[in-house]
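# Coordinate inspection notes
Here's the letter readout for the chains.
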Amino acid sequence: QVQLVESGGGLVQPGGSLRLSCEASGSIFSIKFMGWFRQAPGKQRELVARITSDGSTNYADSVEGRFTISRDNAKNTVYLQMDSLKPEDTAVYYCNAFIWTARGWGDYWGQGTQVTVSS
């Protein structure tokens, strides 16, 4: 059984910062990539940022230069540092990981954490 547990969401003023964390736990053999998606009310879920096991990253155009994704492979944890936050960053943020277990490769999701950017 694999679980992804997120933390770090909350309310922040425009221009502020937040740091999200997500730890994967369970019977994990390997994690190919970890990332963050977000879903705002009435919108589709979208990729925010993703990082591979060797540290390669990609970002959505809307967050490039403001958000930084990083990863601690020893802790099976991914972080998302969000700076210069804007109201349009308000959404539920979901952690995602592609993980190899005894059942093979699988796509796993966290429960989501709310990020609200408002004055």
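Located above this text is the structure these notes cover.
Below or above, wherever it landed, is the structure these notes cover.

So, on to the pairing of strand β11 (residues 113-117). The side-chain alternation of β11 yields one buried face, formed by T113, V115 and V117, and one unburied face, formed by Q114 and T116. Alignment of strand β9 (residues 91-101) against β11, held across three bridges, turns out to be antiparallel. Each bridged residue has a counterpart across the sheet, and for V92 the counterpart in β11 is Q114.

To continue, consider unusual backbone geometry. Where the residue is not glycine, phi is negative for most of them; where a peptide bond is considered, it is trans in most cases. Phi is positive for N76, close to 50°, though the residue is something other than glycine. Here N76 shows up in the loop between β7 (67-72) and β8 (77-82). In this structure, S84 is a non-glycine residue whose phi angle is positive, near 50°. One can find S84 in the loop between β8 and β9.

By size, the foremost hydrophobic cluster in this structure holds 31 residues, and its most contacted members are W36, L80, M82 and Y93. Those elements that place two or more of their residues in this core are β1 (2-7), β3 (18-26), β4 (30-39), β5 (46-52), β7, β8, β9 and β11. The element contributing the most residues to this core is β9, with five residues. With residues near it in sequence (within four places) discarded, M82 still touches G16, S17, L18, L20, R66, F67, Y93 and V115.

So, about the packing of aromatic side chains. The tally for this structure, following the rule as stated, stands at five aromatic pairs. A cation over an aromatic ring shows up here: R19 above the ring of Y79, its NZ or CZ 4.1 Å from the ring centre. The ring of W109 is capped by R45, whose NZ or CZ atom sits 4.7 Å from the centre of that ring.

The next subject is the sheet that holds β8. Read from one edge of the open sheet, four strands run β1-β3-β8-β7, paired in antiparallel fashion. The open sheet is flanked by β1 and β7, the only strands paired with a single partner. Each strand of the sheet is rotated relative to its neighbour by a mean of 15°, with strand direction disregarded. Across six bridges, the pairing between β7 and β8 is antiparallel. Along β8, the bridge assignment pairs F67 with M82.

Rules used throughout
Residues numbered from 1 in each chain as written. Predicted model: local features only at pLDDT ≥ 70, side-chain atom pairs only at ≥ 80, totals over all residues. Heavy atoms only, no water. Buried < 20%, exposed > 50% of the residue type's maximum accessible area, 1.4 Å probe, protein only. Helix = DSSP H or I, 4+ residues; strand = E, 2+ residues; numbered from the N terminus. Pairing = 2+ DSSP bridges. Core = buried A, V, L, I, M, F, W, Y, C linked by side-chain atoms within 4.5 Å. Contact = heavy atoms within 4.5 Å. Phe/Tyr/Trp six-rings, centres within 6.5 Å; stacked < 30°, edge-to-face > 60°. Lys NZ or Arg CZ within 6 Å of the ring centre and 35° of its normal. Axes fitted to C-alpha atoms, helices over the stretch in contact; angles between N-to-C directions.

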